[in-house]
Amino acid sequence: MNATLPQSNIDYLTLAVFIVFFAVFAFLGFYGAKWRKGDLNKLHEWGLGGRRLGFILVWFLMGADLYTAYTFIAVPSAFFAKGAIYFFAVPYVAWGFGVALLTMPKLLEISKKKGYVTAADFIKDKFGSKTLAILIALTGVVAQLPYIALQIVGMQAVLAMLFIGLTGTASSTVTDIALLISFIVLAAFTFTSGLRGAALTAVFKDILIWLAVIVPIVVVVISAGGFSHALAVAGKAAPLYETLAPKEPVEMGYFSLALGSSLALYLYPHAINGSLSAESSKKLKLGTSLLPIYGIGLALLTLFGLLIYAVKPALTVVTTLNDGLLTVPALVAYTMPNWFVGIAFLGIFIGGLVPASIMAIAVANLMTRNVIKEFVPLTEKGEARLAKWISTAFKFIALGFVFVVPATYAIQLQLLGGILVTQTLPSIFLAMYTNKLETKATIAGWAVGIVSAVFLTLYVNKFSTISTTFFSTPLGLIYIALISLALNLLVAGIGSLVEYAAGWRPRKIEQ
């Protein structure tokens, strides 16, 4: 063991428990092909689980879908590195479920009635525009890639801590090989089982995650002096990373991150895909109304970024290796018994794998149905087969995004995706409640939103590695997603008024 790193509770029993529980996870994934068996040669059966998930499975699936490596790794890491501004994730998910209850049941009802598989199907019909549907589908695909990459970053952190505990060093080669094997298993059962496999593994993952959250919190609070002691130590410690300038007003930044992220959450393809798998809007509402329970877990996990100050050996590992992503794994490794560390690590690890599977399925649905199929005729069977291969490819394409963002600022991967996907709000959310958005004006608004979003993000990062998604204004720091969305809505609204004055009238279609 490296002399600079204290001995953890990780040993070969930890590794054995990790591997055994991973084998259970893999079994459930492949068994999904036989569970509630349907014709997986049909896209809605493979990609939406046949739209037969009840409220309990919807709850587990959406919990696994939305509480990801972002929750387990990125938020605690950012909270540790920059402080309370990243506690925005707690109100953001609460507001996000309010947005979900206003939009997803309605979209589900429309989709079941019309046979839609994706939100882009709805847009194509609502606006009568293949172009707009393709643009929104591609936006969702691109926005989803950094989110999948975030899952990979989280899994890397768990594997790194596991091998640090076993060998005293972090072997990138061993970590990469383990990741590759895991993704091959994931790709295999996603290909064969589709959303059914994801739903079964989601139940398993969520049980492990709740154990990994509740038990360490109780143990650390009791044994290490609790939050007050951690706060006292943190107040005296020099921050590991550069903090926001004290004179920079951060209240607006906190609020804008929470608001922008809550608007983006259910615009992501994986969130829409999970919602459209529900058996009915009533069961979707019930399952969604239970999701705030997971918000409690998120709040507790975020506070791991504070509690680590009360556990000196774990803090030593993070500071010595200069890697904030190890915050949660290190805290678990130095406070829990060896066998439990294996269970918790596996829970966090598959907490990235399961969402990655659902995200890849959602991306495949969009690319197949709303992009490729518009140019290449596909049979029902051909559509499903192509989606399976695309879902496999996108898991590995997402690896490229891992190298764009500094590790400790992995949360920026999710925020970057949010900036892009928020620009689809007029076409999806608003279009469900009004038909007064003209197609060309909506496309123009989307274009302005996307261009401004990309430019502002590059500008604030000095056209280099992405480490922030804030834009400084006289009001304070504002999440770029809201600025670009405001421009988007302004252009779409004014453009629609101009078209109306020129004689255009809204299309009347049955919903």
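Residues numbered from 1 in each chain as written. Predicted model: local features only at pLDDT ≥ 70, side-chain atom pairs only at ≥ 80, totals over all residues. Heavy atoms only, no water.

Student: Before we go on, may I ask you to explain the overall build of the chain in this structure?
Tutor: Looking only at helices and strands, one finds 23 helices and two strands in the chain. Per-residue burial over the chain gives 61% buried out of 511 residues. Taking as baseline every contact in the chain between residues at least 6 positions apart, the subset at least 24 positions apart corresponds to 85%. Accessible surface, the chain as shown: approximately 18700 Å² in total, 69% of it carbon and sulfur. (Helix = DSSP H or I, 4+ residues; strand = E, 2+ residues; numbered from the N terminus. Buried < 20%, exposed > 50% of the residue type's maximum accessible area, 1.4 Å probe, protein only. Contact = heavy atoms within 4.5 Å. Areas by Shrake-Rupley, 256 points an atom, 1.4 Å probe, with all protein chains shown as cover.)

Student: What exactly am I supposed to notice about a nonpolar patch on the surface here?
Tutor: Taken together, Val454, Phe455, Leu458, Tyr459 and Phe463 make up a surface patch of nonpolar side chains, about 500 Å² in accessible area. By the element assignment, leucine 458 lies in helix 22 (residues 439-460). (Patch = residues over 30% accessible without salt bridge, like charges linked within 9 Å, V, L, I, M, F, W, Y side chains within 5 Å. Salt bridge = Lys/Arg side-chain N within 4 Å of Asp/Glu carboxyl O.)

Student: How do you make sense of empty space enclosed by the protein when you look at a structure like this?
Tutor: Leftover empty space is mapped by rolling, across the atoms, a probe with the size of a water molecule. For the coordinates displayed, the defined rule picks out three cavities of 30 Å³ or more. In this structure, the largest cavity encloses a volume near 130 Å³. Along the wall of the largest cavity there are 17 residues; nearest its centre are Thr118, Ala119, Pro269, Ile272 and Leu366. When residues of the lining of the largest cavity are traced back to their parent elements, those giving at least two are helix 6 (119-127), helix 7 (130-167), helix 12 (269-275) and helix 18 (338-371). (1 Å grid on protein atoms, 1.4 Å probe; cavity = no way out; pocket = protein on both sides within 12 Å on 5 of 7 lines; lining within 4 Å. Points joined across faces, edges and corners; volume = space filled by probe spheres on them.)

Student: Whenever I open this one, the packing of helix 7 against helix 18 confuses me. Can you help?
Tutor: The contact between helix 7 and helix 18 brings their axes to 9 Å, and the two run at 160°. Taken together, the axis directions place helix 7 and helix 18 in an arrangement best described as roughly antiparallel. Of the two possible hands of crossing, helix 7 and helix 18 adopt the one that is left-handed. Residue classes in the contact of helix 7 with helix 18 are distributed as 23 nonpolar, six polar and no charged. (Axes fitted to C-alpha atoms, helices over the stretch in contact; angles between N-to-C directions. Parallel < 35°, antiparallel > 145°, perpendicular 65-115°, else oblique. Left-handed = near helix turned anticlockwise from the far one by under 90°. Nonpolar A, V, L, I, M, F, W, Y, C, P; charged D, E, K, R; others polar.)

Student: Please clarify how the packing of aromatic side chains should be interpreted in this entry.
Tutor: Any aromatic ring pair is given by two values, namely how distant the centres are and how the planes are angled relative to each other. Within this structure, the stated rule accounts for 16 aromatic pairs. The interplanar angle of 40° and the centroid separation of 5.4 Å between the aromatic rings of phenylalanine 80 and tyrosine 309 together place this pair among those described as tilted. Highlighted residues: phenylalanine 80 in helix 4 (residues 69-82) and tyrosine 309 in the loop between helix 15 (304-307) and helix 16 (312-321), separated in sequence by 229 residues. Here the two residues phenylalanine 80 and tyrosine 309 agree in accessibility, since each one is buried. Pairwise contacts between aromatic rings join Phe18, Phe22, Phe25 and Phe349 into one cluster. Directly above the aromatic system of tyrosine 433 lies the positively charged group of lysine 106, at a separation of 5.4 Å from the ring centroid. It is arginine 505 that lies over the ring of tyrosine 500; its NZ or CZ is 3.8 Å from the centre. (Phe/Tyr/Trp six-rings, centres within 6.5 Å; stacked < 30°, edge-to-face > 60°. Lys NZ or Arg CZ within 6 Å of the ring centre and 35° of its normal.)

Student: Looking at this structure, how should I read the pattern of salt bridges?
Tutor: Oppositely charged side chains can pair when the atoms bearing their charge come close. By the definition in use, this model includes nine salt bridges. Among the salt bridges present, the one from glutamate 374 reaches lysine 124, with a minimum N-O distance of 2.8 Å. With a gap of 250 residues between them, glutamate 374 in the loop between helix 18 and helix 19 (380-397) and lysine 124 in helix 6 connect regions that are remote in the sequence. Given the relative accessible area of 18%, glutamate 374 is considered buried. The class of lysine 124 is partly exposed, set by a relative accessible area of 31%. Note that glutamate 374 is salt-bridged to lysine 130, the shortest N-O span being 3.8 Å. Of this pair, glutamate 374 sits in the loop between helix 18 and helix 19 while lysine 130 sits in helix 7, and the two are 244 residues apart along the sequence. Here the salt bridges do not stand alone but share partners, grouping Asp121, Arg369, Lys373 and Glu383 into one network.

Student: Looking at this model, I keep getting lost on the pairing of strand 1 (residues 470-473). Mind explaining?
Tutor: Successive side chains on a regular strand alternate, one facing one side of the sheet and the next facing the other. Relative to strand 2 (residues 476-479), strand 1 is paired through four bridges, and the arrangement is antiparallel. Looking at the pairing, phenylalanine 471 lines up with isoleucine 478 of strand 2. Taking the residues between adjacent antiparallel strands as the criterion, strand 1 and strand 2 are bridged by two residues. (Pairing = 2+ DSSP bridges.)

Student: Explain the packing of helix 5 (residues 89-114) against helix 14 (residues 292-302) here, please?
Tutor: Interaxial distance between helix 5 and helix 14 falls to 9 Å at its minimum, and their mutual angle equals 170°. Judged by the inter-axis angle, helix 5 sits roughly antiparallel to helix 14. Contacts from Ala89, Val90, Val93 and Phe97 of helix 5 reach helix 14 at Pro292, Gly295, Leu298, Ala299 and Thr302.

Student: I'm lost on the environment of leucine 132 in this one. Help?
Tutor: Relative to the helices and strands, leucine 132 is located in helix 7. Linking leucine 132 and threonine 442, residues 310 residues apart in sequence, is a C-alpha distance of 8.1 Å.

Student: I tried to follow helix 11 (residues 251-265) on my own but got confused; where do I start?
Tutor: One turn of an α-helix holds 3.6 residues; hence residues three or four places apart share an orientation. Across its 15 residues, helix 11 extends 21 Å between first and last C-alpha, which sits within 8% of the 21 Å expected from 1.5 Å per residue. Among all positions in helix 11, only Gly253, Ser256, Leu257, Ala258, Gly260, Ser261, Ser262, Leu263, Ala264 and Leu265 are buried. (Expected span 1.5 Å × (residues − 1).)

Student: Explanation requested: the nonpolar core in the structure shown.
Tutor: It is characteristic of soluble globular proteins that their nonpolar side chains tend to be buried jointly. Counting residues in each nonpolar core, the largest one holds 179 residues, and the members touching the most others are Met161, Tyr266, Phe345 and Phe349. In terms of residues, this core owes the most to one element, helix 7, which gives 24 residues. (Core = buried A, V, L, I, M, F, W, Y, C linked by side-chain atoms within 4.5 Å.)

Student: Quick question: what am I supposed to make of unusual backbone geometry here?
Tutor: Its identity is not glycine, yet lysine 462 carries a phi of approximately 55°, on the positive side. Of note, lysine 462 is situated in the loop between helix 22 and strand 1. Residue classification places lysine 462 among the exposed residues on the basis of a relative accessible area of 73%.

Student: Can you help me understand the side chain of threonine 302 in this one?
Tutor: Note that threonine 302 resides in helix 14. Of the residues examined, threonine 302 reaches a relative accessible area of 0% and is grouped as buried. Among the polar contacts listed, one links the side chain of threonine 302 to the backbone oxygen of leucine 298, at a separation of 2.8 Å. Dropping the residues within four chain positions of it, threonine 302 is found in contact with Val75, Pro76, Phe79, Tyr86, Phe87 and Val90. (Polar contact = N/O pair within 3.5 Å; in protein donor to acceptor, adjacent residues only side chain to side chain.)

Student: Can you walk me through the confidence of the model for the chain in this structure?
Tutor: Detail in the predicted coordinates should be disregarded across regions flagged by low pLDDT. Per-residue pLDDT for the chain has a mean of 82; in total, 88% of the residues score no lower than 70. Confidence drops under a pLDDT of 50 for residues 240-246, and excluding neighbours within four residues, the segment shows 19 contacts in the predicted structure. (pLDDT = per-residue confidence, 0-100.)

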